[in-house]
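Take a look at the letters that make up each chain.
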Amino acid sequence: MSRNHGEGDSLESRLNALADSDWYPFHMPGHKRNPEFAREYTPVYRMDITEIAGFDNLHSPAGILRDAMENAAQWVGADRTWFLVNGSTCGIQAALGAVAKPGEKVLLARNFHRSAGQMLALRDFRPVFVLPEEAAGGSICGSVDPEKIRHALRENPDVKAVFLTSPTYEGIVSDVRAAAEAVHERGIPLIIDEAHGAHFPWKNGGVFPVSALDLGADLVIQSLHKTLPALTQTAVLHLRGSRVSPEEIFRQLRIFETSSPSYVLMASIDRCFRYMADSGMERLRMFGERMERFYAELGKQLRTLRVPGRIRGKKECFDRDLSKVVIFGGGKITGTALADILRRTWHLEPEMACRDYVICMTSLMDTEDGLERLFRAILEIDRELTEEDGKSGSGGVLRAFPALPRAAVPPEEAFDGQWENVPLGDAAGRIAADFVTVYPPGVPMLIPGEEISPEMVAIIREDLALGLEVDGIGEDAARAVRCRRK
Ligand SMILES: Cc1ncc(COP(=O)(O)O)c(C=O)c1O
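Residues numbered from 1 in each chain as written. Predicted model: local features only at pLDDT ≥ 70, side-chain atom pairs only at ≥ 80, totals over all residues. Heavy atoms only, no water.

Here the focus is the overall build of the chain. The secondary structure content of the chain amounts to 14 helices and 21 strands. In terms of overall dimensions, the chain has a C-alpha envelope of 60 × 55 × 50 Å along the principal axes. Per-residue burial over the chain gives 57% buried out of 486 residues. Here the analysis covers contacts within the chain between residues at least 6 apart in sequence; of these, 72% occur between residues at least 24 apart. When the accessible area of the chain is evaluated, it comes to approximately 20,400 Å², of which 49% is carbon and sulfur surface. In the chain, the 58 positive side-chain charges and the 70 negative ones have mean positions that sit 2 Å from each other. (Helix = DSSP H or I, 4+ residues; strand = E, 2+ residues; numbered from the N terminus. Buried < 20%, exposed > 50% of the residue type's maximum accessible area, 1.4 Å probe, protein only. Contact = heavy atoms within 4.5 Å. Areas by Shrake-Rupley, 256 points an atom, 1.4 Å probe, with all protein chains shown as cover. Lys, Arg positive; Asp, Glu negative; His and termini not counted. Charge placed at Lys NZ, Arg CZ, Asp CG, Glu CD.)

Structure below.
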């Protein structure tokens, strides 16, 4: 399918052309444009309204929206659930805003999404970081060791809340139960960014990991649009227990969420919950079994590529979500070259590619044809791999933290202070005044206030050379970084 601009080219015509083509999505959203599911959905313009009588108000719900949110909470075992139309981003920001005040300390695992990082600067938090373990030979961030959290809390008894990402973009889950114990010993709340795990709370025969909601977390944020059949931007924030005030969450959501929430998106959230509570759960169970067979067959046949299936109970990987198909080049091909073949030859669009691997996101909405095409593509690429296909080094885009960057000043001070652009080549030793983030997955490699190490400059250079999108680096030849003025 041509994606060139041409006469009559518009966003809508392009989207329609994509929908009519044979390209298959192994990326978000989780509904996968599944025709069977989409066919039953009311066309968007017919139900796009604002807060008129009879339709309630998301920011002060007292009718149909309140009931829908209460039903959702009941289905997944939360005490309160808020529908979100600005993605998990606004839920993460509201959650962090609710648990600490400017100048206070928050403990975060350093592989947080940029939405959490931005709050550090916006709210003038004093972050304390723990590093996740390294997984896949150092290519990706693994689970977070609960003992590291316990230790960091002992060293920083004034921390007000703890924030972890579980699962990661690659589907690696941490031992949330043990983390919750360590956090609750201090009487403070645990926030889990479960943006990629919205399918976890639904009964699935034990194939997918248990949701943080059932493991002691106080606030859990999930993007429905990533792994469930719901429209882009839809997400939920769940609360359990009494360590966080629901009034404070409401107050924060009024700041971070639009004052004109889309009824189309809210209907999509409601529909997603109803669907999961009805036939979706069984479909999820069957999808889980399908993925177990997918990995088992690949495991028997692959010679060079590596596609890890179930990994459980390891320090660096407490559990893994099988819906994330992570294809490693096995030292013979880069992830970006692999993604090119998936696109060119197979018309499969992956979710992301970096130096060492490609991520294909699957969901309960994938068709048998789609999964079969991916399976055949992986096997055929594996067979045809030759030495000339490219090289893969050790490490990858998320190997951004050989050590914790040194925090020279608090994030807010660097973000709002005097700054100057410094060519990347001269940036080692300087202090970042903005975020530098590789997309996807959107984990900041540098946050304002951190000293830029020579290793970090090398990693950023490598990502740029690979053609990855590095947000926060200038487009000019010098690839300037915004640094704190000396
Ligand atoms: C780990 C993680 N958390 C949060 C988010 C933000 O989610 P949303 O796009 O729903 O705002 C993302 C987005 O990619 C993510 O990967």
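Nonpolar side chains in soluble globular proteins tend to end up buried together. Counting 86 residues, the largest nonpolar core has Leu190, Ile327 and Ile378 as the members making the most contacts within it. Top contributing element to this core by residue count: helix H10 (residues 263-301), with 14 residues. Core analysis: the second largest hydrophobic core is formed by 34 residues, Val99, Phe163, Leu237 and Val244 among them. (Core = buried A, V, L, I, M, F, W, Y, C linked by side-chain atoms within 4.5 Å.)

Here the focus is the sheet that holds strand E11 (residues 235-239). As summarised here, the arrangement of the 7 strands in space is E2-E11-E10-E9-E7-E3-E4, forming an open sheet in which the pairing is mixed. Strands at the two margins of the open sheet, each flanked by one partner only, are strand E2 (80-84) and strand E4 (126-130). This sheet shows a mean twist of 20 degrees between the axes of neighbouring strands, independent of strand direction. Across 5 bridges, E2 lies against E11 in antiparallel orientation. Residue arginine 80 lies in a different strand from E11, and its bridge partner there is leucine 239. Relative to strand E7 (residues 159-165), helix H6 (residues 146-155) is tilted by about 160 degrees, and along the sheet it contacts strand E3 (105-109), E4 and E7. H10 contacts E2 and E11 of the sheet and is inclined by roughly 135 degrees relative to E2. (Pairing = 2+ DSSP bridges. Axes fitted to C-alpha atoms, helices over the stretch in contact; angles between N-to-C directions.)

What follows is about the pairing of E7. Along a regular strand, successive side chains alternate from one face of the sheet to the other. Within E7, 6 of the 7 residues are buried, which leaves it mostly tucked inside the rest of the structure. One ladder, built from 3 bridges, connects E3 with E7; its direction is parallel. Directly across from leucine 107, in E7, lies its bridge partner valine 162. Pairing analysis gives 4 bridges linking E7 to strand E9 (residues 190-193), with the strands arranged parallel. If you follow threonine 165 over to E9, its bridge partner there is aspartate 193.

This part covers the site of the ligand. Close to the ligand lie Gly87, Ser88, Thr89, Ile92, His113, Thr165, Asp193, Ala195, His196, Ser223, His225 and Lys226. One nitrogen or oxygen atom from the main chain of serine 88 is found 2.8 Å from an oxygen atom belonging to the ligand. A distance of 2.8 Å separates an oxygen atom of the ligand from a polar atom in the side chain of histidine 196. Within the residue set of the shell around the ligand, elements represented by two or more residues are helix H4 (87-99) and helix H8 (224-227). For the shell around the ligand, the leading source of residues is H4, giving 4 residues. (Near = heavy atom within 4 Å. Polar contact = N/O pair within 3.5 Å; in protein donor to acceptor, adjacent residues only side chain to side chain.)

Another point: the sheet that holds strand E20 (residues 469-471). Working definition: the strands of a sheet are paired by backbone hydrogen bonds and lie parallel or antiparallel to each other. Strand order across the open sheet formed by 3 strands is E19-E18-E20, with antiparallel pairing between neighbours. This sheet does not close on itself; its edge strands, each paired only once, are strand E19 (443-446) and E20. Sheet twist, expressed as the mean angle between neighbouring strand axes with direction ignored, is 35 degrees. Against the sheet, helix H14 (residues 454-465) contacts strand E18 (436-439), E19 and E20, and its axis sits at roughly 130 degrees relative to E19.

Take isoleucine 191: it is sitting in strand E9. Overall, isoleucine 191 belongs to the buried group, its relative accessible area being 0%. Between the alpha carbons of isoleucine 191 and proline 209 there is a distance of 17 Å; along the sequence they are 18 residues apart.

Time to look at the pattern of salt bridges. The full count for this structure, using the stated rule, is 31 salt bridges. One connected set of salt bridges, linked through shared partners, spans Glu147, Arg150 and Glu185. (Salt bridge = Lys/Arg side-chain N within 4 Å of Asp/Glu carboxyl O.)

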